[in-house]
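Structural description and commentary
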Amino acid sequence: AGPESGSLAQHDWYCLHLVESNQKSMLYLRALKAFLDAHGSEVVVIWLSRHGSSCKSGNDQYPGVSAAVKQQFWSTFRE
C-alpha cells in the first residue's frame, strides 16, 4: 500500500521516478497500452527496478516481497 493509503492489500505497486506516483502502477501501464494500441508504430521501453539498481535480483531487488506476490503482479500484464 502507498504511504498515505488505507489499502488492505499487503503489497500495492506504485511508480517512482524521484517521486512516488499517486496511482497504482497498473493505471499507468494500462494508459500506456492504450497509447500503443492507438499508435502502432511507436516503441516504448520500460525498465522496472527497485531504486534503479540493475545489480540486484530476487529478494534483494524487492526485499520482503515473496516470489508469489511478484508473480501475481506480473501475471496482470496478460490482461
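These numbers come from a predicted model, not from an experiment.

Here the focus is helix α2 (residues 67–75). Where α2 is concerned, the buried positions are Val69, Lys70 and Phe73. Taken around the axis of α2, the buried residues stretch over an arc of 100°, which confines them to a single face. Summarising the geometry of α2, the exposed residues directed more than 90 degrees from the buried face are Ala67, Ala68, Gln71 and Gln72. Looking at the buried side of α2, the elements it contacts are α1 (25–38).

With that settled, consider the pattern of salt bridges. Side chains that differ in sign of charge can pair as their charged atoms come close. Summed over all chains, the structure comprises one salt bridge. The partner of aspartate 37 in a salt bridge is lysine 33, with the nearest N and O atoms 2.8 Å apart. Within this pair, aspartate 37 and its partner lysine 33 are both found in helix α1, separated by four residues, close to a single helical turn.

Scoring rules and cut-offs
Per-chain numbering applies: the sequence of each chain, read as written, is numbered from 1 onward. Only residues with pLDDT of at least 70 get local features here, since the model is predicted, and only at 80 or more are side-chain atom pairs given and counted; chain-wide, interface and lining totals rely on the full set of residues. Excluding hydrogens and water, the side-chain values take into account all heavy atoms of the structure. Categorising residues by exposure relies on relative accessible area from a 1.4 Å probe, with only protein chains included: less than 20% of the type maximum marks a residue as buried, more than 50% marks it as exposed, and the intermediate range marks it as partly exposed. In this text, helices come from DSSP runs of H or I with a minimum length of four residues, and strands from runs of E with a minimum of two, each type numbered from the N-terminal end. Note: the arc covers the axis-to-C-beta directions of the helix. Any pair of residues with heavy atoms lying within 4.5 Å of one another is described as a contacting pair. Salt bridges are counted wherever a side-chain nitrogen of Lys or Arg sits within 4 Å of a carboxyl oxygen of Asp or Glu.

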